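The lines below spell out each chain.
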Amino acid sequence: GDGIVLTDFDRGTEGISTIFVRPDGTIIVFGNWTPAGDTASLTVLRYFSSGTDALIRDEAYSNAFNLSPSGTYENFHGLTVQLDGKFVTTLYYNNGTNLDFAVARFTDTDFGGLVLDPTFAGDGIAVSPIGPGEDQASGVTLDAVGRIVTAGYSRPTTGTTGLAVARYLVSE
């Protein structure tokens, strides 16, 4: 193999937003796909080596997430992994008027893919309207005691855009 794999859902457009490579070489990608004429869905895929340069998509691990009945989550962005192996990613939450910061935490079920971690914010996702206008979280990291720290921007309905940083308790 040439080390290249193409994943095409053949139902619209796809894109990868962020990626993580485990020490064993397994690749986890976070992205989105939009079926033709439909709304975007978030997706997580896993690829592993076949023992050669070829990458193989793990069909059993692939998940598509439609996360909200009352708004829409859009585009994974930043990604970090906690010491316990849980994935934390930023995404945008469209509340119907503008965008808000959103942080999702996933537990890896290994053979069943990633699932939202209900011990974080009650359902695995914390939404934070930073200001009255558009807020977008793009980066995420962990501080020295394991709290989730996100960064992005907040744009008021009028005025200039400012930098925004939010910190979340791991148990939130």
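First, a word on scope: everything that follows refers to the structure included in this document. In this text the structure is predicted, and so the values were computed from the model without any measurement.

Here we come to the overall build of the protein chain. Helices and strands together make up the secondary structure of the protein chain, namely zero helices and 13 strands. Along the protein chain, helices and strands appear, N-terminal first, in the series β-β-β-β-β-β-β-β-β-β-β-β-β. Within the protein chain, buried positions represent 42% of all 172 residues. Residue pairs in contact within the protein chain that sit at least 24 positions apart in sequence constitute 40% of those at least 6 positions apart. Entry remark: accessible area of the protein chain is about 8700 Å², with carbon and sulfur atoms responsible for 55%.

Let's shift gears to the sheet that holds strand S12 (residues 148–155). Read from one edge to the other, the open sheet built from three strands follows the order S11-S12-S13, with strand pairing classed as antiparallel. The outermost strands of the open sheet, each flanked by one partner alone, are strand S11 (134–142) and strand S13 (162–168). On average, each strand axis in the sheet is inclined to that of its neighbour by 25°, with strand direction left out of account. Across eight bridges, S11 lies against S12 in antiparallel orientation. Of the residues in S12, the one forming a bridge with Leu142 is Ile148.

Examined against the element boundaries, Thr90 turns out to sit in strand S7 (residues 87–94). In this structure the side chain of Thr90 is engaged in a polar contact, spanning 3.4 Å, whose partner is the backbone oxygen of Ser138.

Basis of the calculations
Every chain's residues receive numbers from 1 upward, in the order its sequence appears when written. Residues qualify for local features only when their pLDDT is at least 70, as the model is predicted, and side-chain atom pairs are given and counted only at 80 or more; totals for whole chains, interfaces and linings, by contrast, use all residues. Side-chain descriptors were evaluated using all non-hydrogen atoms of the structure, hydrogens and water having been removed beforehand. Starting at the N terminus, helices and strands are each numbered in turn, a helix being any DSSP run of H or I of at least four residues and a strand any DSSP run of E of at least two. Three exposure classes are used, based on accessible area relative to the maximum for each residue type with a 1.4 Å probe and protein chains only: buried under 20%, partly exposed in between, and exposed over 50%. Only heavy atoms enter the contact rule, under which two residues are in contact if any of them lie within 4.5 Å. Each accessible area value is a Shrake-Rupley result obtained with a 1.4 Å probe; residue values ignore everything except the protein chains displayed when judging cover. When DSSP finds two or more bridges between two strands, those strands count as paired. To get an axis, fit a line to the C-alpha atoms, keeping to the stretch in contact for a helix; angles then go from 0 to 180 degrees between the N-to-C directions. N or O atoms closer than or at 3.5 Å make up a polar contact, with two conditions inside protein: a donor-capable atom paired with an acceptor-capable one, and, for residues adjacent in sequence, both atoms drawn from side chains.

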